[in-house]
Amino acid sequence: MPTTMTRPTPAPPRAGATPRARRILLTVGAVLTAAVLVRAVSIDADSPLPSALSDGVTLAASVIVESLPFVFLGVMVSIAVQLWVPTRVMDAVVPRAGFARRAVLSLLGVVLPVCECGNVPLARGLMVRGFSVADAATFLLAAPILNPVTLITTYQAFGWNDGILVSRLVGGFVLANLVGWLVSLHPDPDRLLTPVWAAACASASSATSAPTLRRAAGLFRSEVSAMLPALFLGAAVAGLIQVAISRDTLTSIGGHPVYGILALLLLAFVIAICSNVDAFFALSLASSFSPGALVAFLVFGPMIDVKMLVMLSTTFRVRALAGVTLVVALGALTLGLAVNALV
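Residues numbered from 1 in each chain as written. Predicted model: local features only at pLDDT ≥ 70, side-chain atom pairs only at ≥ 80, totals over all residues. Heavy atoms only, no water.

## Here's the deal with the overall build of the chain
So, point 1. Assigned secondary structure in the chain consists of 16 helices and zero strands.
So, point 2. Within the span of the chain, comprising 343 residues, buried residues form 51% of the whole.
So, point 3. For the chain, contacts bridging at least 24 residues in sequence account for 86% of all contacts bridging at least 6. (Helix = DSSP H or I, 4+ residues; strand = E, 2+ residues; numbered from the N terminus. Buried < 20%, exposed > 50% of the residue type's maximum accessible area, 1.4 Å probe, protein only. Contact = heavy atoms within 4.5 Å.)

Right under this line is the structure:
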């Protein structure tokens, strides 16, 4: 296993600072602005279409408002890790062996309690610093669950009832490390990355300039220009899907031991709610769904949702994301069934 620092301190990767990214950002911003204007002029309308559009815009805006601070925080933490965390510190904290290495990375969320949106730029920063794709994937999936904010809110919502808290933490750890192990088995994990991001990581290996505030500003501009278009687009898609799928339809099958779990997996994918507060949302469903369904919701949602997939598409190929989504969904389903069988 290579050492933690297989690449020297990088120059700012320019993957996000492209004309295409800026065009996407401007286009999505224009669409959202137009939608807000339509909502403003149609608040009192009786037509179902303006009402649905209004709901979709409200839901999309709520996802953006909820996620944006964590994206900026994640970018800033990522820059700090890339530029100012000494190599000797990283080597001292992170083991070199495969499983132990990924297990420790799973617990980084304890000291970096950033939600799933902020973890995307942080995981990108880890890859630039020389961590493998498997390392970054493990951290990316585990950190939203294995952090003190999520732990506290889940305890406040459920306490120790039905083993929901323990099942969420243990299940999140196991599932994230399972995905990391599967990624590590790939003969060429770098092929799971988009060509643009793989090139950015490769070019970073030849950078030797000293860390400065100017470099930090360049990194910030690059990451934000990559993340914001994906966040806005993912939020718009999440709002559209939530309007299109009736939540009453999902909750009507909540009592079924299998269909209830599948319904909450779908709901977690659609609503794209932050892992720091999703336990309180799940609590509102506790009277209609089994404990296993709630655990599946609380594990799957922080790892995979429609907003996250769009953001992750800046870094990973679509085929890789499809495979990770399938593994996480099957793992969450299995965990939910096991909880239902034991409770």
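## Considerations on the side chain of Asp135
So, point 1. Following the sequence through the fold, Asp135 ends up in helix H6 (residues 133-142).
So, point 2. Those residues in contact with Asp135, other than ones at most four positions away along the chain, are Arg101, Arg102 and Leu105.

## Looking at a nonpolar patch on the surface
So, point 1. A grouping of Tyr155, Trp160, Val166, Val170 and Val174 is seen on the molecular surface, where their side chains present a nonpolar patch of about 520 Å² in accessible area.
So, point 2. The element best represented in the nonpolar patch is helix H8 (residues 164-184), accounting for three residues.
So, point 3. Mapped onto the elements, Val174 comes out in helix H8. (Patch = residues over 30% accessible without salt bridge, like charges linked within 9 Å, V, L, I, M, F, W, Y side chains within 5 Å. Areas by Shrake-Rupley, 256 points an atom, 1.4 Å probe, with all protein chains shown as cover. Salt bridge = Lys/Arg side-chain N within 4 Å of Asp/Glu carboxyl O.)

## Concerning the nonpolar core
So, point 1. Counting residues in each nonpolar core, the largest one holds 82 residues, and the members touching the most others are Phe297 and Met303.
So, point 2. For this core, the leading source of residues is helix H14 (residues 291-303), giving nine residues. (Core = buried A, V, L, I, M, F, W, Y, C linked by side-chain atoms within 4.5 Å.)

## Some details on the packing of H14 against helix H16 (residues 318-342)
So, point 1. Orientation of H14 relative to H16, taken along the N-to-C sense of each, is 155 degrees, at an axis distance of 7 Å. Considered as vectors, H14 and H16 are oriented roughly antiparallel to each other. Taken as a pair, H14 and H16 cross one another with a handedness that is right-handed. Between H14 and H16, the residues in contact are Pro291, Gly292, Ala293, Val295, Ala296, Val299, Phe300 and Met303 and Thr325, Val328, Ala329, Ala332, Leu335, Gly336, Val339 and Asn340, respectively.
So, point 2. Split by residue class, the contact of H14 with H16 holds 12 nonpolar, four polar and no charged. (Axes fitted to C-alpha atoms, helices over the stretch in contact; angles between N-to-C directions. Parallel < 35°, antiparallel > 145°, perpendicular 65-115°, else oblique. Left-handed = near helix turned anticlockwise from the far one by under 90°. Nonpolar A, V, L, I, M, F, W, Y, C, P; charged D, E, K, R; others polar.)

## Topic: the packing of aromatic side chains
So, point 1. Under the defined criterion, the tally for this structure stands at two aromatic pairs.
So, point 2. Judged by centre distance (5.7 Å) and plane angle (70 degrees), the ring pair of Tyr155 and Trp160 falls under edge-to-face.
So, point 3. Assessed through its relative accessible area of 41%, Tyr155 is described here as partly exposed.
So, point 4. Of the residues examined, Trp160 reaches a relative accessible area of 59% and is grouped as exposed.
So, point 5. Across the ring face of Trp197, the terminal group of Arg124 is positioned such that the distance to the ring centre comes to 3.9 Å. (Phe/Tyr/Trp six-rings, centres within 6.5 Å; stacked < 30°, edge-to-face > 60°. Lys NZ or Arg CZ within 6 Å of the ring centre and 35° of its normal.)

## Examining the environment of Gly109
So, point 1. Tracing the backbone through its elements, the reader meets Gly109 in the loop between helix H4 (98-106) and helix H5 (116-128).
So, point 2. Sequence-wise, Gly109 and Val149 are 40 residues apart; in three dimensions their C-alpha atoms are separated by 9.5 Å.
So, point 3. Once residues lying within four places of it in the same chain are set aside, the contact partners of Gly109 are Phe139, Ala143, Leu146, Asn147 and Pro148.

## As for the confidence of the model for the chain
So, point 1. Per-residue confidence for the chain averages 78 on the pLDDT scale, and 74% of its residues sit at or above 70.
So, point 2. This model gives residues 1-18 a pLDDT under 50, and the stretch forms 69 contacts once residues within four places in sequence are excluded.
So, point 3. A low-confidence stretch, residues 34-49 stays under pLDDT 50, and its non-local contacts, those more than four residues away or across chains, total eight contacts. (pLDDT = per-residue confidence, 0-100.)

## As for the environment of Glu66
So, point 1. The topology assignment puts Glu66 in helix H2 (residues 48-84).
So, point 2. Expressed as a C-alpha distance, the spacing of Glu66 and Ile273, which sit 207 residues apart in the sequence, is 8.3 Å.
So, point 3. Aside from chain neighbours lying at most four places away, what touches Glu66 is Ala272, Ile273, Cys274 and Val277.

## Details of H6
So, point 1. The element H6 is largely enclosed, with a buried count of 10 among its 10 residues.
So, point 2. Restricting attention to buried positions, one finds in H6 the residues Val133, Ala134, Asp135, Ala136, Ala137, Thr138, Phe139, Leu140, Leu141 and Ala142.
So, point 3. Taken together, the buried residues of H6 touch H4, H5, H8, H14, helix H15 (306-312) and H16.

## Considerations on H16
So, point 1. The terminal C-alpha atoms of H16 lie 36 Å apart, and with 25 residues this matches the ideal 36 Å at 1.5 Å per residue to within 8%.
So, point 2. Turning to H16, its buried residues are Ala320, Leu321, Thr325, Val328, Ala332, Leu333, Leu335, Gly336 and Val339.
So, point 3. Of the surrounding elements, those touching the buried residues of H16 are H6, H8, helix H12 (259-271), H14 and H15. (Expected span 1.5 Å × (residues − 1).)

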